[in-house]
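Tertiary structure, described
The primary structure of each chain is shown beneath.
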Amino acid sequence: MQAFDYILKPLSRERFDIYIARLQDFFELRTKAFAYQNNESDFIIIKQGYDKYKIATRDIIYLEAMKDYTKITTTNGNYLVLTTFGNMLGNLSPQKFIQVHRSFIINSGNLSAIKDNKVCLGKYELPVGKIYRQKLADIF
């Protein structure tokens, strides 16, 4: 049934207001399961439920678009953030982060080589889209 709460008759206005407030808090937390915040330029803060994680942007290797989510691959592990790829790109430093494909943003500090249609970031190899090749060549 996945019941959230129960209401007994007769329903009082106070009890109904408490129920609505709890329901709003629940949906807000659920939609921000891994919400993205950019409070400082060297860090991003992500949330999972009530927990918050502070990730240094220098530790980010690359970001991958996954529909309404963005996967963040770091030196310490992976995170799935409930934010669009475009929103994430708009909030990151354009000097540090480069979009190389419609689904990938890389941290230029980790870029070690460009091979054919791929970029190498340590042990990771990611594709480079046609429209991003020239911009990447200019930067590298």
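Above this text is the structure in question.
Heads up: these notes are all about the structure in this document. All residue numbers refer to positions counted from 1 along the written sequence of the respective chain. Reporting of local features is limited, given that this is a predicted model, to residues whose pLDDT is at least 70; pairs of side-chain atoms are given and counted only at 80 or more, and all residues count toward the totals for whole chains, interfaces and linings. Side-chain descriptors were evaluated using all non-hydrogen atoms of the structure, hydrogens and water having been removed beforehand.

Structural notes on the pairing of strand β5 (residues 69–74)
In summary, the side chains of a regular strand alternate between the two faces of the sheet. Across six bridges, the pairing between strand β4 (residues 60–66) and β5 is antiparallel. The residue bridging E64 from the neighbouring strand is K71, located in β5. Strand pairing is defined by DSSP finding a minimum of two bridges between the two strands. Helix numbers and strand numbers start at the N terminus; a helix is a DSSP run of H or I with at least 4 residues, a strand a run of E with at least 2. Linking β4 to β5, which pair antiparallel, is a turn of two residues; within it K67 sits at a positive phi near 55 degrees. The loop that links β5 with its antiparallel partner strand β6 (residues 77–81) comprises two residues.

Here we look at the sheet that holds strand β7 (residues 97–101)
Taken together, five strands build an open sheet; the order of strands is β6-β5-β4-β8-β7 and the sheet is antiparallel. On the outer flanks of this sheet lie β6 and β7, each paired with one strand and no other. Averaged over all neighbouring strand pairs, the angle between strand axes comes to 20 degrees, with direction disregarded. Lines fitted to C-alpha atoms define the axes here, with helix axes fitted over just the stretch in contact, and angles between the N-to-C directions of these axes take values from 0 to 180 degrees.

Describing a nonpolar patch on the surface
Together, I7, L11 and F16 make up a nonpolar patch on the protein surface, roughly 230 Å² of accessible area in all. With respect to the element layout, L11 can be found in the segment before α1 (13–31). Residues enter patches when their relative accessible area tops 30% and they take part in no salt bridge; the joining distance is 9 Å for like charges and 5 Å for the nonpolar side chains Val, Leu, Ile, Met, Phe, Trp and Tyr. Residue exposure ignores everything except the shown protein chains as possible cover, and the areas themselves are Shrake-Rupley values with a 1.4 Å probe. Here a salt bridge means any side-chain nitrogen of Lys or Arg lying within 4 Å of a carboxyl oxygen belonging to Asp or Glu.

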